[in-house]
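# Results of the structural survey
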Amino acid sequence: MRRDVRQLPAEAGVYRFRDETGKVLYIGRARNLRRRVQSYWNHLGDRPQLARMVRRIARVEGVWCDSEHEAAWLERNLLEQSKPRWNRTEGGAEVVGYIRFDDGSKPGLRFEHTVSGTAPHFGPYLGGLRIRQAISGLHRVLPLQYTVEDDGSAQEFGRLFGIGPGDRAALARTAIAVLERDPAAVAALRDELVRRRDRAAGELRFEFAAKVQDELAALEWIVAEQKVAWLEPRDADVYGWADGVLVHFQVRGGRMCTWTQRAVSEATARDRVAATPVLWQSFAQRNAELAVRLRDSMSA
């Protein structure tokens, strides 16, 4: 089995263990699929319950995602549909949240658990702490909260930053561009946070440098690919086929919620694969090829 899991990519994704009857034992996610799955066969002497599960694993399946955040969403979606015996919770542990953009008397970005009102919302994202850290990083570079017109103390801080109410529109456009994942806007914000982190470290302000580093990591988290929770069309069937294996992902209500794979002929798969939305074709094909590699390795 250790040899077999070397076929998994050293990338983010979701893994699934099955027993010899085909029953799913466990669903998990990882930043590095290969390393995480290999770890189940190392140093389990002090974890007897986990060792019992590992002895029952007959097959490993994997989904190669485009980011760790996307893997977190897919794990959550799958567990909300069905919880295998060895999983402890029906969904992920992270809080679901949004970033709300306010352009009224108190401008700025806010954390919200749900979408409410008419103000623009961005997300959903996973992880309340990470969402708040990302907002802190955005405000550090784009201090919208100091562009008010009727708050003396905020205006005083604004003058220290060299900004005023007249800068609100430009700062707002940049913040929205980042949250919409515009590459140039994201890169510029990232570069500025890196500059401030490095300057703080150079001045031996290590606690502040660590805070900015956390904001950088949170920024990367919210702008990373996470299409399994932001789907259009909201209902779709995604298919990939390779060498006799058809992989099927079902999208319902804008979230990818099921993942199956089975042996079928190319003729049977052709129409399904052709109907897969363009957004998903490379994702589906990549994971069909991964399923074949794992199948061939485990049957060798």
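The structure we're discussing is the one just above.
Computed from a predicted structure; not experimentally measured. Per-chain numbering applies: the sequence of each chain, read as written, is numbered from 1 onward. Residues qualify for local features only when their pLDDT is at least 70, as the model is predicted, and side-chain atom pairs are given and counted only at 80 or more; totals for whole chains, interfaces and linings, by contrast, use all residues. Excluded from the side-chain calculation are hydrogens and water; included are all heavy atoms of the structure.

## Description of the packing of aromatic side chains
Stacked, edge-to-face and tilted are the three classes for Phe, Tyr and Trp ring pairs, Trp counted by its six-membered ring, which pair at centre distances within 6.5 Å; planes under 30 degrees apart are stacked, over 60 edge-to-face, the rest tilted. By the definition in use, this model includes nine aromatic pairs. Seen in terms of ring centroids, Tyr 15 and Tyr 26 are 6.1 Å apart; in terms of plane orientation they differ by 35 degrees. Their pairing is tilted. Within this pair, whereas Tyr 15 is found in strand β1 (residues 13–18), its partner Tyr 26 is found in strand β2 (residues 24–30), the two being separated by eleven residues in sequence. Consider the rings of Trp 280 and Phe 283, whose centres lie 5.2 Å apart with planes at 85 degrees: the pair is edge-to-face. Pair noted here: Trp 280 and Phe 283 are both in helix α10 (residues 278–299), with a separation of three residues, about one helical turn. Grouping residues by exposure puts Trp 280 and Phe 283 together as buried. Three or more aromatic residues joined by ring pairs form one cluster here, namely Tyr 15, Phe 17, Tyr 26, Tyr 40 and Trp 41. Only lysine NZ and arginine CZ atoms are considered, and such an atom sits over a ring when it is within 6 Å of the ring centre and within 35 degrees of the ring normal. Above the face of the Trp 259 ring, Arg 16 is positioned so that its terminal group lies 3.6 Å from the ring centre. Secondary structure elements follow DSSP: runs of H or I of four or more residues count as helices, runs of E of two or more count as strands, with numbering from the N terminus. Relative accessible area decides the class of each residue, using a 1.4 Å probe on protein chains only: under 20% of the type maximum gives buried, over 50% gives exposed, and in between gives partly exposed.

## Side note on the packing of helix α4 (residues 128–141) against helix α8 (residues 206–223)
Contact geometry for α4 and α8: axes closest at 7 Å, N-to-C directions at 110 degrees. By the criterion of interaxial angle, the relationship of α4 to α8 is roughly perpendicular. On the side of α4, the interface is formed by Arg 130, Gln 133, Ala 134, Ser 136, Gly 137 and Arg 140, while α8 contributes Phe 208, Lys 211, Val 212, Asp 214, Glu 215, Ala 218, Leu 219, Trp 221 and Ile 222. When residue character is reported, Ala, Val, Leu, Ile, Met, Phe, Trp, Tyr, Cys and Pro are called nonpolar, Asp, Glu, Lys and Arg charged, and the others, Gly included, polar. Residue composition of the contact of α4 with α8, by class: seven nonpolar, three polar and five charged. Only the contacting stretch of a helix is used when fitting its axis, a line to C-alpha atoms as for every element, and angles between N-to-C directions run 0 to 180 degrees. Orientation labels follow simple angle bins: below 35 degrees gives roughly parallel, above 145 gives roughly antiparallel, 65 to 115 gives roughly perpendicular, and whatever is left gives oblique. Any two residues whose heavy atoms approach within 4.5 Å are treated as being in contact.

## Description of the sheet that holds strand β4 (residues 96–102)
Whether two strands pair depends on DSSP finding at least two bridges between them. The sheet built from three strands is open, its strands ordered β5-β4-β6 with antiparallel pairing. Edge positions in the sheet fall to β5 (108–112) and β6 (121–126), since each of these pairs with one other strand and no more. Strand after strand, the sheet turns through a mean of 25 degrees between neighbouring axes, direction not considered. Bridging between β4 and β5 involves five bridges; their strand directions are antiparallel. Within β5, the position partnered with Ile 99 by the bridge is Phe 111. Set on the sheet, α4 makes contact with β4, β5 and β6; between it and β5 the angle comes to about 180 degrees.

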